[in-house]
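Residue-level listing of the chains:
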Amino acid sequence: MSERLQPGDTAPAFTLPDADGNEVSLAGRAGRKVIVYFYPAALTPGCTKQACDFTDNLDVLADAGYDVIGISPDKPEKLARFREKESLKVTLLADPDKSVLTAYGAFGEKKLYGKVVTGVIRSTVVVDEQGEVEHAWYNVKATGHVAKLLRDLGV
């Protein structure tokens, strides 16, 4: 398990395939603030709620200068089905080897129904225009997280 990121840390660079298999990198968003959120699995109830909440608030976030990227260990084909089924507008990236999840501290031990398991830790990291971590939240709830994020960011 890797260390959790702290404000002021340099955000780990990444290049991952999106739902269409196109490479997307954090470096390609330089000069913009980026909300990178990590979720366990596409097409599951909590992850669907969170992705829909981000999609519903995408214009508000974009107007405030934020791009939104969701990352899960799913393959691009599953992300494409997720996007189509739920009409998602958020950029979804595939990290099947969990290297980016691990680099961001979003993969490791967590409690699930009282048991300690290894898996994706639902997390959100805000990266500033210079590529530094501005905020990092771990073990967030799927429901209500986007509303709390908007409040915390003053959007």
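Residues numbered from 1 in each chain as written. Predicted model: local features only at pLDDT ≥ 70, side-chain atom pairs only at ≥ 80, totals over all residues. Heavy atoms only, no water.

Novice: For this particular structure, what's the right way to read helix 5 (residues 145-153)?
Specialist: Side chains of residues three or four places apart in an α-helix project in the same direction, reflecting 3.6 residues per turn. Among all positions of helix 5, only His145, Val146, Leu149, Leu150 and Leu153 are buried. One side of helix 5 carries all its buried residues, which in axial view fall inside an arc of 140°. Buried residues along helix 5 sit against strand 3 (33-38), helix 1 (45-56), helix 2 (58-63), strand 4 (66-72), strand 8 (123-127) and strand 9 (133-138). (Buried < 20%, exposed > 50% of the residue type's maximum accessible area, 1.4 Å probe, protein only. Helix = DSSP H or I, 4+ residues; strand = E, 2+ residues; numbered from the N terminus. Arc of directions from axis to C-beta. Contact = heavy atoms within 4.5 Å.)

Novice: Teacher, can you tell me more about the pairing of strand 9 here?
Specialist: Along any regular strand, the residues point their side chains to alternate faces of the sheet. The sheet contact formed by strand 8 and strand 9 spans 5 bridges and is antiparallel. Pairing of Val127 across the sheet is with Val133, part of strand 9. Turn length for the strand 8-strand 9 hairpin, with the two strands adjacent in sequence and antiparallel, is 5 residues, and the turn residue Gly131 shows positive phi of about 85°. (Pairing = 2+ DSSP bridges.)

Novice: Please explain the packing of aromatic side chains as it appears in this structure.
Specialist: We describe a pair of aromatic rings using the distance from one ring centre to the other and the angle between the two ring planes. Counted by the stated rule, this structure contains 5 aromatic pairs. On the basis of an interplanar angle of 20° and a centroid distance of 4.4 Å, the ring pair of Tyr37 and Phe54 is categorised as stacked. Here the residue Tyr37 occupies a position in strand 3, and Phe54 occupies one in helix 1, the gap between them amounting to 17 residues. Classification of Phe54 by relative accessible area gives buried; the value is 0%. Relative to Phe82, the ring of Tyr39 lies with its centre 6.2 Å away and its plane at 40°, an arrangement referred to as tilted. Of this pair, Tyr39 sits in the loop between strand 3 and helix 1 while Phe82 sits in helix 3 (residues 76-86), and the two are 43 residues apart along the sequence. Of the two residues, Tyr39 and Phe82, both sit in the buried class. (Phe/Tyr/Trp six-rings, centres within 6.5 Å; stacked < 30°, edge-to-face > 60°.)

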